[in-house]
Amino acid sequence: MELENIKKEIDALNNKDIDLLIAYLKDKKISNIYTNLLVGAIEAKYSEGIVCPDCGSIHVIKFGKNKNGMQMYKCKDCESRFNLLKNTFLENAHLHLTVWIKYMIMMNQNEDMRDCATYAGVSLKTSFMMRHRILNALSNNMKKTQLKGIVEVDNTSTTISFSGNHKKHDQSVELPRKAYKRGRKSLRHKHKASFTDEIIIAAAVDRTGAIFAKVAKIGSTMLCTDECVNTYKEHMSNASIICSDGEFSFRTLAKKVSADLHAYKKDSKEKRGIYHINHVNYFHSAFKQYLLEHRGISSKYLDEYLSLVAYNVMHKLKDVQSVFNDVFTCECTFRCKNYTKTGFIL
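Rules used in this analysis
Residues numbered from 1 in each chain as written. Predicted model: local features only at pLDDT ≥ 70, side-chain atom pairs only at ≥ 80, totals over all residues. Heavy atoms only, no water. Phe/Tyr/Trp six-rings, centres within 6.5 Å; stacked < 30°, edge-to-face > 60°. Helix = DSSP H or I, 4+ residues; strand = E, 2+ residues; numbered from the N terminus. Buried < 20%, exposed > 50% of the residue type's maximum accessible area, 1.4 Å probe, protein only. Pairing = 2+ DSSP bridges. Axes fitted to C-alpha atoms, helices over the stretch in contact; angles between N-to-C directions. Contact = heavy atoms within 4.5 Å. Salt bridge = Lys/Arg side-chain N within 4 Å of Asp/Glu carboxyl O.

Student: Even after reading the chapter, I still don't get the packing of aromatic side chains, so can you show me in this structure?
Tutor: Aromatic ring pairs are reported here in terms of the distance separating the ring centres and the angle at which the planes meet. For the coordinates displayed, the defined rule picks out 11 aromatic pairs. Plain terms: the ring middles of Y290 and Y305 are 6.0 Å apart, the flat faces sit at 40° to each other, and that makes the pair tilted. Taken together, the positions of Y290 in helix α10 (residues 278-293) and Y305 in helix α11 (residues 302-314) put the pair 15 residues apart, joining distant regions of the chain. Taken as a pair, Y290 and Y305 share a single burial class, namely buried.

Have a look at this one:
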């Protein structure tokens, strides 16, 4: 069919049909561009051969196909059956791959959950579940981060948010504190009260660009020495030099991991040759900017959003294909029951 004939057919369409045609053409274009996206991601994940996701055995055989026609495998050691989507963010996901790609395109542009839902053509609830599948994979990957060489370490804080549809699930539920009407007044007394409305976030960055960040403590403005050591130590076994602010607990941390310490004043931009804390301060700024742009993030999901911001900082020039591959290779332990009718962070 010639292009001129197609144009004549389009001219005869009404506005509603034109909108449907535009949506179809967008999906078709995405499908054509990213046809081999999943195949490439699977090849990258299993580049060294297929292994059992449960026991890690390489003694794996083909074991028929599931109802969707996907190849199944069986482990000869633990006898578990699985497909190549096992422990990925696509496991038991019933949406078409095109929907996931459209969703990631919007996430890659730093859009919020509603905009992602509109573009992907899903409900807000589905958008929430899709986003947290991706965040869960990134968060699990960050837990394995090992920092090496020169490591910049610093803590920051943010206020607690109890956002969520709590009344929708339970009419009798009450917030741990009364809702603020005109600002967070309790913060004026944060140094005198035993509990404050803040969360401490631990962050560390090495010179290869690797980032570790997590919620370290809830309801306080500082970490004690033991808490600081327990938070960072397992991720810094290969650190040789630690750059931090003057907090005393970092001295103990440096001794525990057998690293030299370069201490600076809080929020300092001072440089001593190659030693400074500018990179970790930049991560703090990027995270707080993300919270400003995306209002309503519940504090119980902060660990997952920290991993997203860390990924964005580490991969500033990224395309959808590389994001898809990176997330697909991360282990995902997402379960819907862990994200519905959950309690408060306290």
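So that's the structure; there's more coming.
Student: What is the right way to look at the sheet that holds strand β5 (residues 198-206) in this model?
Tutor: The pairing of strands in a sheet comes from backbone hydrogen bonds and takes either a parallel or an antiparallel form. With mixed pairing, the five strands of this open sheet are ordered in space as β6-β5-β4-β7-β8. Strand pairing shows two members of the sheet lacking a second neighbour, β6 (211-218) and β8 (260-264), which therefore form its edges. Within the sheet, the average angular offset between the axes of one strand and its neighbour, ignoring direction, is 25°. Both β5 and β6 contribute to a ladder of seven bridges, which runs antiparallel. The residue bridging A202 from the neighbouring strand is K214, located in β6. Against the sheet, helix α9 (residues 249-256) touches β4 (148-159), β7 (238-245) and β8, its axis set at about 170° to β7.

Student: Teacher, can you tell me more about the sheet that holds strand β1 (residues 60-65) here?
Tutor: Read from one edge to the other, the open sheet built from three strands follows the order β1-β2-β3, with strand pairing classed as antiparallel. The open sheet has two edge strands, β1 and β3 (81-82), and neither has a second partner. Direction of pairing for strand β2 (residues 71-75) relative to β3: antiparallel, over a ladder of two bridges. In the sheet register, K74 faces β3, and the bridge partner there is R81.

Student: Help me out: how do you make sense of the pattern of salt bridges in this one?
Tutor: This model, assessed by the stated rule, comprises four salt bridges. The closest approach of N and O atoms between E91 and K86, which form a salt bridge, is 3.7 Å. Exposure remark for E91: the relative accessible area of 12% places this residue in the buried category. The partner of R207 in a salt bridge is E152, with the nearest N and O atoms 3.0 Å apart. Here R207 is found in the loop between β5 and β6, whereas its partner E152 is found in strand β4, with 55 residues between them in sequence. The partly exposed category is assigned to R207, whose relative accessible area is 33%. For E152, a relative accessible area of 0% translates into the label buried.

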